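Descriptive structure summary
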Amino acid sequence: MNTTSRTRPRAILRIHFHPAERTDELYGQLLAVLDSISSRVEPLPADWSAYVDLTGALAYWGRDAEGLVAVLRLRLLALHGVACSAGAGPTRSIAAMAADATPPGAATVVRDDPYAVAAFLRTKPASALPGIGPRTAKALARYGIMSVGDIADTLLPTLQRILGATAARLAHDRALGIDERPVVPGAAPRSMSASRRFDRDELDADQHHGAVLGLVQDLGGRLRTSGEIAQVLTLTVSYADGTQTTRSRSLVEPTAHTPALAAAARGLLSGFGLQRARVRALAVRAERLRPAEDSVHQLTFDAHDDKLRRLEIALDRAATRYGPGVAGAASTFPRAG
C-alpha cells in the first residue's frame with residue numbers, strides 16, 4: 001500500500017465519453033466542462049477520454065470525490081446530452097481500472113484509504129491491472145498468480161524472474177496501490193475527422209473498404225485545403241451492439257496525400273478482421289496535425305506516385321470549383337497498396 005503521507009486525499013478521475021456522434025468540436029466542449037471543475041485535465045482524444053486531477057478541486061468546491069464526480073457527470077449530460085463512464089481513485093492506475101469496470105452512465109469511486117484501495121484491488125483478476133496483457137497474465141497464471149492480490153503478495157524477486165525487473169516493479173507497485181504518475185494538463189492535440197453511418201448494419205467487406213476510402217479522400221482534401229498534414233491516422237468501428245473498437249497508426253511521414261492516408265487506413269481496416277462483423281458506422285480521424293510547410297516529402301522517383309499527386313491536385317481544384325464529391329470517387333485511388 002502507498003504509505004506516502006499527504007495533507008489531503010488524492011483524487012484522480014478517468015472519464016470516458018459516450019456520445020451518439022463524435023466530432024472534434026464536441027470533444028473540445030466536453031473538455032471545457034472538465035476544465036470548469038479542475039484546470040488539471042489531460043486529454044486522451046484517441047479513445048474519447050481524459051484524466052482529471054480533482055485533488056485541489058475537492059476543497060475549492062467543498063465536496064468529496066463522489067460528489068464532485070456526480071457534478072461533472074450531471075453537467076456533461078445537461079449541457080451536451082453526453083453520458084459517461086467514470087472511475088476515480090488515489091492513482092492513475094486505480095482510476096483507469098475503476099473506469100474500465102464501469103458501464104456508461106455510472107461511476108466507481110475508490111477512496112484514498114488503504115483499506116478501500118485494498119478492497120478494490122485485491123479481488124481483481126491480474127489482467128485488470130494496467131500493463132498486464134493477456135500473455136503476461138497467462139505467464140503469471142502458470143505460477144498460480146491469478147489476482148491483483150496475488151501479485152501484491154508475491155515477493156518482488158519472484159516476480160522479476162517471471163516478468164523481468166522493470167515490468168515486475170511496475171506490476172508490484174500498482175498491485176499495492178502505488179502509482180505516483182501525475183496528470184499532465186494540456187490542450188487536446190488538433191485533429192480532423194470524418195464518419196460514415198450505414199443505413200443498415202453492414203456485413204459487406206467491400207462496402208467497409210469503400211466507405212473508409214471515401215472518408216480518407218474527404219479528410220485528405222480538407223487537410224490540403226487547411227494547409228495541414230497528419231502524423232497519425234485513427235480508425236473507429238462501431239458495431240450493431242453499440243460497442244466500438246479503435247486503432248491508430250503512425251504515418252511513415254506526416255502527410256495530407258490521399259494515397260498515403262488510404263494505405264494506412266487499409267492496413268488499419270484489415271487488422272480488425274471484419275469478415276462477419278455487423279458494422280453500423282466507421283470514423284477516420286487524422287491526428288497530431290501540423291502546418292504543411294513543416295513537411296519534408298521523401299523523393300521516391302515513383303512515377304505512379306507522381307501521377308497520383310497530379311491527379312489529387314486536379315481533383316482538389318474541381319472540388320473547389322464545383323463542390324466536394326463532384327469530381328472523383330474513392331475508387332480513384334486504388335484499393336491495392
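Structural data are supplied above this passage.
Attention in this report is confined to the structure presented alongside it. (Residues numbered from 1 in each chain as written. Predicted model: local features only at pLDDT ≥ 70, side-chain atom pairs only at ≥ 80, totals over all residues. Heavy atoms only, no water.)

So, about the overall build of the chain. Broken down by element type, the chain carries 12 helices and 10 strands. In the chain, which comprises 337 residues, the share counted as buried stands at 45%. If you take every contact in the chain between residues at least 6 apart in sequence, the share linking residues at least 24 apart comes to 68%. On the chain, roughly 17,300 Å² of surface is accessible, and the fraction owed to carbon and sulfur atoms is 54%. (Helix = DSSP H or I, 4+ residues; strand = E, 2+ residues; numbered from the N terminus. Buried < 20%, exposed > 50% of the residue type's maximum accessible area, 1.4 Å probe, protein only. Contact = heavy atoms within 4.5 Å. Areas by Shrake-Rupley, 256 points an atom, 1.4 Å probe, with all protein chains shown as cover.)

Another point: the side chain of Arg10. Residue position: Arg10 is located in the segment before strand E1 (12–18). Although Arg10 is buried, it forms no salt bridge, and the closest oppositely charged side chain is Glu180 at an N-O distance of 4.1 Å. Here Pro90 takes part through its backbone oxygen, which lies 3.2 Å from a polar atom of the side chain of Arg10. Those residues in contact with Arg10 that lie beyond four places of it in its chain are Thr55, Gly89, Pro90, Thr91, Asp112, Asp179, Glu180, Arg181 and Pro182. (Lys, Arg positive; Asp, Glu negative; His and termini not counted. Salt bridge = Lys/Arg side-chain N within 4 Å of Asp/Glu carboxyl O. Polar contact = N/O pair within 3.5 Å; in protein donor to acceptor, adjacent residues only side chain to side chain.)

This next bit is on the packing of aromatic side chains. As enumerated under the stated definition, the model contains three aromatic pairs in all. Judged by centre distance (6.1 Å) and plane angle (75°), the ring pair of Phe17 and Tyr27 falls under edge-to-face. Linking Phe17 in strand E1 with Tyr27 in helix H1 (residues 24–35), this pair joins segments that are 10 residues apart in sequence. In this pair, the class of Phe17 matches that of Tyr27, namely buried. What links up through ring pairs into an aromatic cluster is the set Phe17, Tyr27 and Trp48. (Phe/Tyr/Trp six-rings, centres within 6.5 Å; stacked < 30°, edge-to-face > 60°.)

With mixed pairing, the five strands of this open sheet are ordered in space as E2-E3-E1-E4-E5. Pairing within the sheet leaves two strands with one partner each, and these edge strands are strand E2 (41–44) and strand E5 (106–109). Taken pair by pair, the neighbouring strands of this sheet meet at an average axis angle of 15°, ignoring direction. Where E1 meets strand E4 (residues 83–89), seven bridges bridge the pair, whose relative direction is antiparallel. Paired with Phe17 across the strands is Cys84, a residue of E4. (Pairing = 2+ DSSP bridges. Axes fitted to C-alpha atoms, helices over the stretch in contact; angles between N-to-C directions.)

Relative to the assigned elements, Ala152 resides in helix H7 (residues 148–153). Placed 31 residues apart in sequence, Ala152 and Leu121 show a C-alpha to C-alpha distance of 9.5 Å.

Another point: the pattern of salt bridges. This model, assessed by the stated rule, comprises 12 salt bridges. With a shortest N-O distance of 3.8 Å, Asp173 and Arg169 are connected by a salt bridge. Pair noted here: Asp173 and Arg169 are both in helix H9 (residues 165–175), with a separation of four residues, about one helical turn. Its salt-bridge partner being Arg200, residue Glu202 comes within 3.7 Å of it at the nearest N-O pair. Arg200 sits in the exposed class, given a relative accessible area of 56%. By sharing partners, the salt bridges in this structure join Asp201, Arg278 and Arg280 into a single network.

Extensive coverage of E1 is indicated by the burial of six of its seven residues. In this structure, E1 lies alongside strand E3 (residues 49–53), joined through five bridges in antiparallel fashion. By the bridge assignment, Leu13 is partnered in E3 with Val52.

Okay, helix H5 (residues 114–121) next. Within H5, the full set of buried residues consists of Ala116, Val117, Phe120 and Leu121. Seen from one end, H5 has its buried residues packed into an arc of 120°, which puts them on one side. Residues Tyr115 and Ala119 are exposed on H5 and point more than 90 degrees away from its buried face. Structurally, H5 contributes buried residues whose contacts are with helix H4 (92–100), E5, H7 and H9. Where H5 begins, one side-chain oxygen reaches toward the backbone nitrogen of Tyr115, 3.0 Å away; that side chain belongs to Asp113. (Arc of directions from axis to C-beta.)

Buried within H9 we find Ala168, Ala171, His172, Asp173, Arg174 and Ala175. Its buried side turned inward, H9 meets H4, H5, H7 and helix H8 (156–163). Gly177 occupies a position one or two residues after H9 and carries a positive phi of about 85°.

To continue, consider the pairing of strand E9 (residues 279–287). Summarising burial for E9: seven of the nine residues are buried, a large majority. Where strand E7 (residues 228–239) meets E9, eight bridges bridge the pair, whose relative direction is antiparallel. Along E9, the bridge assignment pairs Thr236 with Ala283.

Here the focus is the side chain of Arg14. Among the secondary structure elements, Arg14 is positioned in strand E1. Once residues within four sequence positions are removed from consideration, Arg14 is found in contact with Leu44, Asp47, Ser49, Ala50, Tyr51, Ser85, Ala86, Gly87, Ala95, Ala96 and Ala99.

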